[in-house]
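Structure at a glance
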Amino acid sequence: MLSARAAAASPLWKRGEGGSSGSGSGCTSCREVRRRAAAVRVRAAAPRRVEAVAMESAAETEKEEEVAAAGGGVEDMATEEVPVTPWAFSVASGYTLLRDPHHNKGLAFSEKERDAHYLRGLLPPAVVSQDLQVKKIMHNLRQYSVPLQRYMAMMDLQERNERLFYKLLIDNVEELLPVVYTPTVGEACQKYGSIFRQPQGLYVSLKDKGKVLDVLRNWPERNIQVIVVTDGERILGLGDLGCQGMGIPVGKLSLYTALGGVRPSACLPITIDVGTNNEQLLNDEFYIGLRQRRATGKVPPKREYHELMEEFMSAVKQIYGEKVLIQFEDFANHNAFDLLAKYSKSHLVFNDDIQGTASVVLAGLLSSLKVVGGTLAEHTYLFLGAGEAGTGIAELIALEISKQTKAPIEECRKKVWLLDSKGLIVNSRKESLQAFKKPWAHEHEPVTTLLDAVQSIKPTVLIGTSGVGKTFTKEVIEAMASFNERPVIFSLSNPTSHSECTAEEAYNWSQGRAVFASGSPFDPVEYNGKIHVPGQSNNAYIFPGFGLGVVISGAVRVHEDMLLAASETLADQATQENFEKGSIFPPFTNIRKISARIAASVAAKAYELGLATRLPQPRDLEKYAESCMYTPVYRSYR
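In this report, the structure presented in the accompanying data block is examined. On a predicted model such as this, the values are computed, not experimentally measured, just so you know.

**Structural notes on the packing of aromatic side chains**
Scanning the entire structure with this criterion turns up 12 aromatic pairs. Here Phe165 and Tyr166 contribute two aromatic rings whose centre-to-centre distance is 4.9 Å and whose plane-to-plane angle is 80°, an arrangement assigned as edge-to-face. In this structure, Phe165 and Tyr166 share a single accessibility class: buried. Ring geometry for Tyr166 versus Tyr630: centroids 5.9 Å apart, planes at 80°, classification edge-to-face. Linking Tyr166 in helix α9 (residues 162-171) with Tyr630 in the segment after α28 (621-628), this pair joins segments that are 464 residues apart in sequence. By the burial criterion, Tyr166 is buried, and Tyr630 matches it. Pairwise contacts between aromatic rings join Phe165, Tyr166 and Tyr630 into one cluster.

**Considerations on the sheet that holds strand β14 (residues 535-536)**
The seven strands are arranged β8-β7-β6-β9-β10-β11-β14 in an open sheet whose pairing can be described as mixed. Each end of this open sheet is capped by a strand with a single partner; those strands are β8 (423-424) and β14. Alignment of strand β6 (residues 381-384) against strand β9 (residues 461-464), held across four bridges, turns out to be parallel. If you follow Leu382 over to β9, its bridge partner there is Leu462. Here helix α19 (residues 388-405) sits on the sheet in contact with β6 and β7 (416-420), set at roughly 165° to β6.

**Quick look at the layout of surface pockets**
A volume near 1100 Å³ is recorded for the largest pocket. Surrounding the largest pocket, 48 residues form its lining, Arg234, Gly387, Thr465, Ser466 and Gly467 being those nearest its centre. Contributing elements (two or more residues each) for the lining of the largest pocket: α17 (333-343), α18 (352-372), α19 and β7. Counting residues per element, the lining of the largest pocket draws most heavily on α18, at four residues.

**Here we look at the pairing of β9**
Moving residue by residue along a regular strand, the side chains alternate between the two faces of the sheet. Of the two faces of β9, the one lined by Val461 and Ile463 and the one lined by Leu462 and Gly464 are each fully buried. Once you follow β9 into helix α22 (residues 474-482) and on to strand β10 (residues 488-491), the crossover reads as right-handed.

Analysis parameters
Residues numbered from 1 in each chain as written. Predicted model: local features only at pLDDT ≥ 70, side-chain atom pairs only at ≥ 80, totals over all residues. Heavy atoms only, no water. Phe/Tyr/Trp six-rings, centres within 6.5 Å; stacked < 30°, edge-to-face > 60°. Buried < 20%, exposed > 50% of the residue type's maximum accessible area, 1.4 Å probe, protein only. Helix = DSSP H or I, 4+ residues; strand = E, 2+ residues; numbered from the N terminus. Pairing = 2+ DSSP bridges. Contact = heavy atoms within 4.5 Å. Axes fitted to C-alpha atoms, helices over the stretch in contact; angles between N-to-C directions. 1 Å grid on protein atoms, 1.4 Å probe; cavity = no way out; pocket = protein on both sides within 12 Å on 5 of 7 lines; lining within 4 Å. Points joined across faces, edges and corners; volume = space filled by probe spheres on them. Right-handed = clockwise from strand over helix to strand, strands pointing away.

What follows is the structure, given as structure tokens:
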């Protein structure tokens, strides 16, 4: 009788070579060898690797070669004390191909492909188009009444059929954006330990200090162009979610691909796990992260945190090179500003909470000027919230005013006022302020409440970045409307429950005169017979196109002028039709085109500043950007 080992070594094992009978039927020979090998009772033995050939199914080959006639395979018969080696094969077909999310097409495999790739019988007979698959999944998603169920269904789809996931998201972006990102992603992060199925990124923890480079090498892709990394300390407006913040990098990178066209294989989500101060998570049996107090970046564990980040940043540059974009996401204030300032000089880094939010809000303000009139310098701005988002937006507004008026940046900052939890930021508080707040301390008497600040400063623009819901009260909105014909009110905090006010409140309390935008999506509002469609100041307008522009230009650093270019380009996309509906942002249905234009503007600025390395510069950057964008249409397989 032929042994399994002999069968593996036999020339008959190689597909396409004939047996001793000289039949020349490679497929038949393979089946015969596997059949004869499967008849052997294989006892627990040291594991071995069987040479596989192209197009051989990993699951099929390994299982049939090691199965026992009466008792299963080697792993089935081995005790827990006997180690086994998890051999795998690189070329997928058959059963393995159907479980490879990068190449699986489900029922869309053609008859020819089913024969060529050993799928016959593994699928029902029907052959359907990708468009019909999209239609079916959308039908199924709409049956769910709970948004988190839709999120989980989308993540399951991404894990089994990548191209179908992105096709679905691109074709239904307005409906599905709130599912894969805010606000649903916030709930997903809160419950990430319970819904966790399989890792979708890399986890770098304090346990990995000294071997972060080895951890990065475990990721199968080497041509990484965009990394989104979080330490989970300030997830949206939900606070410290520790390791469960991974939902944010995963969601952001899904949008980099769907909206910006960056290849999925070039995207890498990473969570830096340094513990959590969330007692509920530390006591949760399903929590997936380190069960220890957070190394926050403050003394006494400051050194440990920053040593890990230093090792991580160095390892990223070493393994992926100078031109990988590292996007910091949802770091707490005390680390976010320091990390951005430190690494912007040596790495290609971008903080979406500070810079991305600022860029999209500035675009909204530039667009709103077409409704309310005046120039950016002629308006007065009041922020509720002086963290990453608030100060980031404020600085970009001041930079744009300085660019337009040629005035010093210090003078331009005086048009912008910020109010934090202790009241208006004024000169008398300067000594006790954090460094990133000090530029916004202006001469004014102390004011403790938002209503008093509104009545005293009389801003034309009110922007909420506080993360505290219901803080734009009826009295505040009515005060804004009392001295502004068209008050500009941006309620930007996420998720929806943390929004400073709803669209309905803003329109009703301002007698329908507010120019409103929010961070989370709100339904249209009817006031006095007119339908108002609130604009969503969503970072997804900016960062996918911004990232694409950085990638196609080969930029090595991010410059503030690149952010201004992105804002101006986005503002130009809003039309009179949008304004008549009450929205200052273009519809998301055009987001791929918008992203290509933003990418072209960002790339052009990178070339102008001498930061681009992909030479020569393409003549038509917008067409070049579009040509570089990933499309999720199924490929035909040989």
